[in-house]
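The lines below spell out each chain.
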Amino acid sequence: MTTLRTPRLTLRRWREDDLGPMADIHADPEVMRWIADGSVLDREETAAAVARWEREWEERGVGLFAVEVRETGRLAGFAGLSVPEYLPEILPAVEIGWRLGRAHWGQGLATEAARAVLDFALRDRGLGRVVSVHQVGNDSSAKIMRKLGMRQDRVATDPVHGVARCVHVIEVVGSRP
């Protein structure tokens, strides 16, 4: 089981007691504002999402980590890798993504978690190319992508929700595709 540690965070696989805190994060309209169509998720939808994230680990060898604040043991949200099937235009690709609860915004935690995941993608998984996607207007996510050394590659339209999404990319010469 893969666990990543940063100075302030532990990125780990999901536990049953993570469901309540993650459901609270998903119930916040401000957190979900830039996700899919902006709808909040209830506890049942969150449980299905967590189960899907865990299956991705088993099926693809990558997935979304639960992000825990080391000092408090509190779940902050998630960060990790997934295949962006919602945007077929950019496939094949592996995407780095994150979602933290509002209590954890503005502290650099998303950037810290994303850096650890990017290092995991490039070194441990040997990926030579990683993308990250944000809805046009989500400047906070774009800023994190730039901090990771990613560059904007294109703007694509989400075929399900009809919104414009900026695709950022980082490529490492000499790595596996």
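Before reading further, recall that the structure is shown in the block above.
These numbers come from a predicted model, not from an experiment. (Residues numbered from 1 in each chain as written. Predicted model: local features only at pLDDT ≥ 70, side-chain atom pairs only at ≥ 80, totals over all residues. Heavy atoms only, no water.)

1. Digging into the overall build of the chain
At step 1: In terms of regular secondary structure, the chain is built from 5 helices and 8 strands.
At step 2: Its helices and strands in sequence order give the chain the pattern β-β-α-α-α-β-β-β-α-β-α-β-β, from N to C terminus.
At step 3: When its C-alpha atoms are laid out on the principal axes, the chain stretches across 40 × 35 × 30 Å.
At step 4: Of all 177 residues assigned to the chain, the portion counted as buried reaches 50%.
At step 5: For the chain, long-range pairs separated by at least 24 residues make up 61% of all intrachain contacts whose partners lie at least 6 apart in sequence.
At step 6: Only carbon and sulfur atoms are counted for the fraction: they give 48% of the accessible area of the chain, which is about 9100 Å².
At step 7: One finds the centroid of the 25 positive side-chain charges in the chain at a distance of 6 Å from the centroid of its 26 negative side-chain charges. (Helix = DSSP H or I, 4+ residues; strand = E, 2+ residues; numbered from the N terminus. Buried < 20%, exposed > 50% of the residue type's maximum accessible area, 1.4 Å probe, protein only. Contact = heavy atoms within 4.5 Å. Areas by Shrake-Rupley, 256 points an atom, 1.4 Å probe, with all protein chains shown as cover. Lys, Arg positive; Asp, Glu negative; His and termini not counted. Charge placed at Lys NZ, Arg CZ, Asp CG, Glu CD.)

2. Here's the deal with the environment of Cys 166
At step 1: Checked against the element boundaries, Cys 166 lands in strand β8 (residues 164-171).
At step 2: In this structure the C-alpha to C-alpha distance between Cys 166 and Gly 137, which are 29 residues apart in sequence, comes to 9.2 Å.
At step 3: What Cys 166 contacts, discounting residues up to four positions off in sequence, is Ser 132, Val 133, His 134, Val 136, Gln 152, Arg 154 and Val 155.

3. Considerations on unusual backbone geometry
At step 1: Cis peptide bonds are those with omega within 30 degrees of zero, and the linkage from Leu 91 to Pro 92 qualifies with 0°.
At step 2: By secondary structure assignment, the location of Pro 92 is in the loop between β4 (75-82) and β5 (95-100).

4. A few points about the nonpolar core
At step 1: The biggest cluster of nonpolar side chains holds 31 residues, and the ones touching the most others in it are Leu 11, Ile 96 and Trp 98.
At step 2: Within the residue set of this core, elements represented by two or more residues are β2 (9-12), β3 (64-69), β4, β5, α4 (109-124) and α5 (139-147).
At step 3: Looking at which element gives the most residues to this core, the answer is α4, with 9 residues.
At step 4: The residues contacting Trp 98, other than those within four sequence positions of it, are Phe 78, Ala 79, Ala 110, Ala 114, Ser 132, Ser 141, Ile 144, Met 145 and Leu 148.
At step 5: Grouped together as the second largest cluster of nonpolar side chains are 12 residues, Val 31, Met 32, Trp 53 and Leu 64 included. (Core = buried A, V, L, I, M, F, W, Y, C linked by side-chain atoms within 4.5 Å.)

5. Some details on the pattern of salt bridges
At step 1: Throughout the structure, instances matching the rule amount to 17 salt bridges.
At step 2: Residues Arg 129 and Glu 171 are paired through a salt bridge, measuring 3.6 Å at the closest nitrogen-oxygen approach. Here the residue Arg 129 occupies a position in strand β6 (residues 129-135), and Glu 171 occupies one in strand β8, the gap between them amounting to 42 residues.
At step 3: Take Glu 171: its relative accessible area is 49%, and that puts it in the partly exposed class.
At step 4: One salt bridge connects Asp 153 with Arg 154, and the closest N-O pair in it is separated by 3.2 Å.
At step 5: Arg 154 gets classed as partly exposed once you look at its relative accessible area, which sits at 31%.
At step 6: Ionic contacts of the salt-bridge type, sharing partners, join the residues Glu 89, Arg 129, Arg 151, Asp 153, Arg 154 and Glu 171 into one network. (Salt bridge = Lys/Arg side-chain N within 4 Å of Asp/Glu carboxyl O.)

6. Here we look at the environment of Arg 154
At step 1: Tracing the sequence through the fold places Arg 154 in strand β7 (residues 151-157).
At step 2: Taking the C-alpha atoms as reference points, Arg 154 and Ser 141, 13 residues apart in sequence, are found 15 Å from one another.
At step 3: Non-local contacts of Arg 154, meaning those with residues more than four positions away in its chain, are made with Glu 89, Ile 90, Arg 165, Cys 166 and Val 167.
At step 4: Polar contacts involving the side chain of Arg 154 include one to the side chain of Asp 153, which spans 3.2 Å. (Polar contact = N/O pair within 3.5 Å; in protein donor to acceptor, adjacent residues only side chain to side chain.)

Bear in mind that shape data such as this cannot, by itself, settle questions of function.
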